[in-house]
Amino acid sequence: MTDAIPNLESERLLLRPLRLGDAAAIQAVFPQWQVVRFLTTEVPWPYPPDGAEGYIRDLALPAMDAGREWHWSIRRKQAPEPLIGVISLKDKPDNNRGFWIDPAHQRQGYATEASLAVTDYWFEVLRRPVLRVPKAVANAPSRQISRRLRMRVVDSYDDDYVSGRMATELWEIKREEWRAFREAMT
């Protein structure tokens with residue numbers, strides 16, 4: 001099944017299906033407070049020296065093979081090495097998309113651009129009716145991406161993150177709303 005997950009492209013980005021060979025690049029960038037602080041406590045902190053390899057080998061690849069999750073490395077077309085982040089889709093109630101970007105490449109629109117590409121995949125290829133994404137209220141940049149993509153808050157609650165318990169919002173967009181948004185972009 002992992003082989004069935006395609007490369008995705010956007011104007012500036014290449015999204016390649018995650019593979020075990022990405023572990024060293026992820027391990028070099030991921031364990032930074034700026035990256036992990038708004039991730040849920042499923043992420044071990046401090047991050048172990050073999051955390052990326054174990055995550056890809058034991059969790060991501062089996063879920064990709066089972067058709068429950070889709071993970072891509074994020075790379076810039078102009079310089080595909082190194083990897084600058086990861087974006088994922090999950091067939092999990094109330095938690096369908098997540099991403100992280102290397103702090104050296106944040107605030108350049110890459111997360112929004114990658115989110116557009118994988119959300120298109122979610123609705124047009126996987127044909128899912130709704131996309132839901134939880135976000136810490138304190139994570140203003142991530143919330144802004146959801147606003148740009150015309151998502152709306154449908155629930156709020158507290159959840160546990162690497163940086164502690166925080167107020168959380170559940171953002172949502174339905175397939176027909178996404179299609180109207182994308183049509184208006186053309």
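As shown above, the structure is provided for reference.
Residues numbered from 1 in each chain as written. Predicted model: local features only at pLDDT ≥ 70, side-chain atom pairs only at ≥ 80, totals over all residues. Heavy atoms only, no water.

Novice: Even after reading the chapter, I still don't get the pairing of strand 2 (residues 13-17), so can you show me in this structure?
Specialist: Regular strands show a simple pattern: their side chains alternate between the two faces of the sheet. Burial runs high along strand 2: four of the five residues are buried. The turn joining strand 1 (residues 8-9) and strand 2, which pair antiparallel and follow one another in sequence, is formed by three residues. Direction of pairing for strand 2 relative to strand 3 (residues 69-76): antiparallel, over a ladder of five bridges. Bridge pairing in strand 3 links Leu13 to Arg76. (Buried < 20%, exposed > 50% of the residue type's maximum accessible area, 1.4 Å probe, protein only. Helix = DSSP H or I, 4+ residues; strand = E, 2+ residues; numbered from the N terminus. Pairing = 2+ DSSP bridges.)

Novice: Sorry if this is basic, but what is going on with the sheet that holds strand 5 (residues 97-101) here?
Specialist: Adjacent strands of a sheet form backbone hydrogen bonds with each other and so pair up, either parallel or antiparallel. Pairing is antiparallel across the open sheet formed by five strands, whose spatial order is 1-2-3-4-5. Of all the strands in the sheet, the pair left with one neighbour each is strand 1 and strand 5. Bridging between strand 1 and strand 2 involves two bridges; their strand directions are antiparallel. Across the sheet, the residue bridging to Leu8 is Leu15, located in strand 2. Along the sheet, helix 3 (residues 51-65) contacts strand 2 and strand 3; its crossing angle with strand 3, the most-contacted strand, is approximately 115 degrees. (Contact = heavy atoms within 4.5 Å. Axes fitted to C-alpha atoms, helices over the stretch in contact; angles between N-to-C directions.)

Novice: Just checking my understanding: could you explain unusual backbone geometry for this structure?
Specialist: If a residue is not glycine, its phi is most likely negative; likewise, a peptide bond is most likely trans. With omega at 0 degrees, the peptide bond leading from Trp45 into Pro46 counts as cis. Turning to its location among the elements, Pro46 is positioned in the loop between helix 2 (33-36) and helix 3. Residue Asp94 is not a glycine yet carries a positive backbone phi of 60 degrees. Its place among the elements puts Asp94 in the loop between strand 4 (85-90) and strand 5. Under the relative-accessibility criterion, Asp94 is labelled partly exposed at 35%.

Novice: Just checking my understanding: could you explain the sheet that holds strand 6 (residues 130-136) for this structure?
Specialist: Pairing is antiparallel in the open sheet, where three strands are placed in the order 6-8-7. Looking along the sheet, the strands with just one partner apiece sit at the ends: strand 6 and strand 7 (152-161). Along the sheet, successive strands turn relative to each other by an average axial angle of 25 degrees, direction set aside. One ladder, built from nine bridges, connects strand 7 with strand 8 (residues 164-174); its direction is antiparallel.

Novice: Just to check I follow, could you spell out the packing of helix 4 (residues 110-125) against helix 6 (residues 175-185) for this structure?
Specialist: Describing two packed helices takes the angle between their axes plus the distance from one axis to the other. Packing of helix 4 against helix 6 brings their axes to within 10 Å, and their N-to-C directions diverge by 130 degrees. By the angle between their directions, the pair helix 4 and helix 6 is classed as oblique. With respect to the hand of their crossing, helix 4 and helix 6 are arranged in left-handed fashion. The residues of helix 6 that touch helix 4, namely those facing Leu116, Thr119, Asp120, Phe123 and Glu124, are Arg175, Trp178, Arg179, Phe181, Arg182 and Met185. In terms of residue class, the contact of helix 4 with helix 6 is made up of five nonpolar, one polar and five charged. (Parallel < 35°, antiparallel > 145°, perpendicular 65-115°, else oblique. Left-handed = near helix turned anticlockwise from the far one by under 90°. Nonpolar A, V, L, I, M, F, W, Y, C, P; charged D, E, K, R; others polar.)

Novice: So what exactly am I meant to see when it comes to the side chain of Asp102 here?
Specialist: Relative to the assigned elements, Asp102 resides in the loop between strand 5 and helix 4. Buried charge without a partner: Asp102 forms no salt bridge, and the closest opposite charge is Arg76, 8.6 Å away. Not counting chain neighbours up to four residues away, the residues in contact with Asp102 comprise Val29, Gln32 and Ile84. (Lys, Arg positive; Asp, Glu negative; His and termini not counted. Salt bridge = Lys/Arg side-chain N within 4 Å of Asp/Glu carboxyl O.)

Novice: Explain the environment of Arg19 here, please?
Specialist: Assignment of secondary structure puts Arg19 in the loop between strand 2 and helix 1 (23-29). The spatial distance from the C-alpha of Arg19 to the C-alpha of Ser163 is 28 Å, given a sequence separation of 144 residues. Dropping the residues within four chain positions of it, Arg19 is found in contact with Ile56 and Leu61.

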